[in-house]
Amino acid sequence: MGSPLKMFRHLTLVLLALGQSSAFRGQRKHLDLPPSTNNEVVAEEQYFDQVLDHFTATDERTWPQRFWSNWDNYVEGGPAFIMIGGEGEANPRWLTYGQWSNWAKENGAAMFLLEHRYYGQSKPTEDMSTGNMRYLSSRQGLEDLGNFMTAVNNNHSLTGPWITFGGSYPGSLYSLDAPQVSSSGGRISLKL
């Protein structure tokens, strides 16, 4: 068996290839939700006080960004896994389902799901008027991610690396140049 890094690289390539091929053919618009179980324990909805505009230093406005966490498998010093929310409402069932959940068990990882701004209940402005849409960008979303990861590190004394998960748009965010994210404890990225 290869190293965990090799495993993540191979899985990422496979997921990107599968996601892109079906998206180009118009067969899949959104990822199906994980199946529900009778004994399912859903993670508690939480909110993080997020910066509205990461690129205007004098703008101190914030807004409540929705997230969920799962600490069931965490071992001190272990990694933090974060699923980046994308073009739809986030669902906490992902915190107990899928291969990333298995890897969290194997590696003693904490798990987080951060809903993207302007989707689901993560609404940074009171409406979606043209003026307010200036805060919807991949760069703002990436800075949200870095700000969240830094706060979690500080609030919970996390020292392990962060490993990001996401498909489609959120999976491609790693390719943007964001020093705060890449220096927040570790980042695996693949350039295709």
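Check the entry above for the structure.
Residues numbered from 1 in each chain as written. Predicted model: local features only at pLDDT ≥ 70, side-chain atom pairs only at ≥ 80, totals over all residues. Heavy atoms only, no water.

**Q** Mind laying out the environment of Arg 139, listing which residues take part and the relevant values?
**A** Considering the arrangement of structural elements, one finds Arg 139 in helix H3 (residues 138–156). Through-space distance from the C-alpha of Arg 139 to that of His 54 is 8.8 Å; in sequence the pair is 85 residues apart. (Helix = DSSP H or I, 4+ residues; strand = E, 2+ residues; numbered from the N terminus.)

**Q** Outline the sheet that holds strand S1 (residues 46–51), listing residues and values.
**A** Reading across from one edge, S1-S2-S4-S3-S5 is the order of the five strands in this open sheet, with mixed pairing throughout. Unpaired on one side and paired on the other, S1 and strand S5 (162–165) mark the two borders of the sheet. Going across the sheet, the axis of each strand differs from the next one's by a mean of 30°, ignoring polarity. The pairing of strand S2 (residues 62–70) with strand S4 (residues 110–114) spans four bridges and is classified as antiparallel. (Pairing = 2+ DSSP bridges. Axes fitted to C-alpha atoms, helices over the stretch in contact; angles between N-to-C directions.)

**Q** Requested: an account of the pattern of salt bridges, with residues and values cited.
**A** Proximity of charged atoms lets side chains of opposite charge pair with each other. Tallied over the full model, the rule gives five salt bridges. In this structure, Asp 59 and Arg 61 form a salt bridge, with 2.7 Å as the shortest nitrogen-oxygen distance. You can call Arg 61 partly exposed: its relative accessible area is 44%. In this structure, Glu 115 engages Arg 66 in a salt bridge whose closest nitrogen and oxygen atoms are separated by 2.7 Å. Here the residue Glu 115 occupies a position in the loop between S4 and H3, and Arg 66 occupies one in strand S2, the gap between them amounting to 49 residues. You can call Arg 66 buried: its relative accessible area is 5%. (Salt bridge = Lys/Arg side-chain N within 4 Å of Asp/Glu carboxyl O. Buried < 20%, exposed > 50% of the residue type's maximum accessible area, 1.4 Å probe, protein only.)

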